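# Summary of structural features
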Amino acid sequence: MIRFENVTKHYRGTSKPALSGVDFEVQRGEFVFLVGASGSGKSSCLRLILREDVPTSGRVAVLGRDLRSLANGKVPYFRRHIGSVFQDFRLLPSKTVYQNVAFTLQVTGSSRGFIQQAVPEALALVGLDGKQKRMPHELSGGEQQRVAIARALVNRPQVLLADEPTGNLDPGTSVDIMQLLARINAGGTTVLMATHEAGFVDAMQRRVIELSDGEMVRDEVHGGYGDTSNIPRLVPEEVRGAAAAAALTAVQEVQRQTADLSVVRAALAEELDAQRKAAASAPAPVAQTAPAFTRPTEPGAQKADAVAPVPSDEARRAPVEEQTPAPVGPRTHPIVLPQVDVAELGVADRLGLSDDDAEEVGPTS
Ligand code: ADP
Ligand code: MG
């Protein structure tokens, strides 16, 4: 889903490369922390993924696209598949919450009907349903970041990039945002988060990629923050204990939910297997006999392992590989928190049961 191959980034006028020989691959559905001291290259990585910049050497591939050969004209289209949030929120100060979230959809030509459905859905997802008419300055920092997350998700991207999203927030609010990101990931969205917050990284026990002076020094599946002695503290020493405890509680709750989901996934895998076997000896295709894969929010919607019919908004959100059938999985989940709708988790996909091979880096046109 995201692949760095021996990536080096040397900014003009600097003596040392910001990134040097960075190599990693992030799979669909993963939650990955990108950690490292200030200046270690985290934001540079995220910018390369967004194609805001290009590597000096090496290759970055995202969503099956080699970004080197992505034509400039296709970049805006490509970016619709990637949500991003930042430490400083980046909201439009003169627009309401609703308008901030709707804005990108409007400029990219979404239909009014789609916007009217997608914006409230995104705001509900982040817990801001009642605040559509507020202006950014009428919101707390945590609420502003929620608006930014809603904006990032309104296009239902497959990947969410977060660059120090809790960096400007107090510890309690940071926990809420962290929990929200973890739940978004539990819904199937791949999340890559650059952070300094050791407490979260330790508590989450998710994959950690650590950079030091532009070099990748660690890639651990269930990592913690590691040696934090050189990391500047964004939160004062005395509140950090409380923050870490709160983070742990919040994250344990998310992990409990996720564990519930893995039980569901296992059961579903069995069920799918049984259905596939049954289908092998019956005329009806498996997809049409798998009620678990219907989308309850959209009557008559496609099955997760069937090729989608293509209404206009769906087409607009179609994968970058325009000629290939729409891949299934996380991209198709509606942005409603999973309580617990296995159909929306891209389960077949993550279990390797789908026929989707859109992961491969291919030609660009
Ligand atoms: P981090 O996000 O981990 O703090 P960055 O990716 O922002 O690290 O920066 C990595 C290194 O690249 C730093 O030494 C920084 O000064 C340098 N750098 C980042 N952006 C630029 C730029 N546009 N021009 C020159 N140097 C840059
Ligand atoms: Mg940075």
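Going by the structure above, here's the rest.
Here we summarise the structure given alongside this text. These figures come from a predicted structure and were not determined experimentally. (Residues numbered from 1 in each chain as written. Chains lettered and ligands numbered in written order. Predicted model: local features only at pLDDT ≥ 70, side-chain atom pairs only at ≥ 80, totals over all residues. Heavy atoms only, no water.)

Attention shifts here to the sheet that holds strand S1 (residues 2-9). Read from one edge of the open sheet, 4 strands run S2-S1-S4-S5, paired in antiparallel fashion. Each edge of the sheet is formed by a strand with only one pairing partner; in this case those strands are strand S2 (19-26) and strand S5 (65-66). For strand S4 (residues 57-62) and S5, the ladder comprises 2 bridges, and the chain directions are antiparallel. Considered in S5, the bridge of Val62 is made with Arg65. Along the sheet, helix H1 (residues 42-49) contacts S1, S2 and S4; its crossing angle with S1, the most-contacted strand, is approximately 120°. (Pairing = 2+ DSSP bridges. Helix = DSSP H or I, 4+ residues; strand = E, 2+ residues; numbered from the N terminus. Contact = heavy atoms within 4.5 Å. Axes fitted to C-alpha atoms, helices over the stretch in contact; angles between N-to-C directions.)

Further remarks concern the pairing of strand S10 (residues 215-220). Note that strand S9 (residues 207-212) and S10 share 5 bridges and pair antiparallel. The residue bridging Glu210 from the neighbouring strand is Arg218, located in S10. Hairpin connection from S9 to S10: 2 residues lie between these consecutive antiparallel strands, with Asp213 at a positive phi of about 50°.

To continue, consider the nonpolar core. Within the largest apolar cluster, 43 residues are counted, with the highest numbers of intra-cluster contacts made by Phe33, Ile149 and Leu181. At the level of elements, strand S3 (31-35), helix H3 (97-107), helix H4 (112-125), helix H5 (141-153), strand S7 (159-163), helix H6 (171-186), strand S8 (190-195) and helix H7 (198-204) are the ones that each hand at least two residues to this core. When residues of this core are assigned to domains, at least three map to each of domain 1 (1-81 + 158-225) and domain 2 (90-156). Ignoring anything within four residues of it in the chain, the contact list for Leu181 reads Phe31, Ile149, Leu160, Ala162, Pro165, Val191 and Met193. Of all hydrophobic cores here, the second largest spans 29 residues; its members include Met1, Leu34, Leu46 and Leu67. (Core = buried A, V, L, I, M, F, W, Y, C linked by side-chain atoms within 4.5 Å. Buried < 20%, exposed > 50% of the residue type's maximum accessible area, 1.4 Å probe, protein only. Domains from an automatic or database assignment.)

Turning to the packing of aromatic side chains, a few remarks are in order. To describe a pair of aromatic rings, one takes the distance between the centres and the angle between the planes. Throughout the structure, instances matching the rule amount to 2 aromatic pairs. With a centroid separation of 4.6 Å and 15° between ring planes, the pair formed by Phe4 and Phe24 is classed as stacked. Here Phe4, found in strand S1, pairs with Phe24, found in strand S2; they are 20 residues apart in sequence, far enough to count as distant. Its relative accessible area of 1% is what places Phe4 among the buried residues. (Phe/Tyr/Trp six-rings, centres within 6.5 Å; stacked < 30°, edge-to-face > 60°.)

To continue, consider the site of ligand 1. As a structural note, the neighbourhood of ligand 1 is formed by Tyr11, Thr14, Ala18, Ala37, Ser38, Gly39, Ser40, Gly41, Lys42, Ser43, Ser44 and Arg47. Contact between ligand 1 and Lys42: an oxygen atom at 2.8 Å from a side-chain N or O atom of the residue. Taking Ser43, its side chain carries an N or O atom lying 2.8 Å from an oxygen atom of ligand 1. Considered class by class, the residues forming the shell around ligand 1 number 3 nonpolar, 7 polar and 2 charged. (Near = heavy atom within 4 Å. Polar contact = N/O pair within 3.5 Å; in protein donor to acceptor, adjacent residues only side chain to side chain. Nonpolar A, V, L, I, M, F, W, Y, C, P; charged D, E, K, R; others polar.)

Let us look at the pattern of salt bridges. Going through the model one piece at a time under the given rule, you end up with 15 salt bridges. Between Glu210 and Arg218 there is a salt bridge, and its shortest N-O distance comes to 2.8 Å. As far as burial versus exposure is concerned, Glu210 and Arg218 are alike and both buried. Salt bridges here are not isolated pairs; linked through shared partners, they connect Arg3, Glu5, Glu25, Arg59, Asp66 and Arg68. (Salt bridge = Lys/Arg side-chain N within 4 Å of Asp/Glu carboxyl O.)

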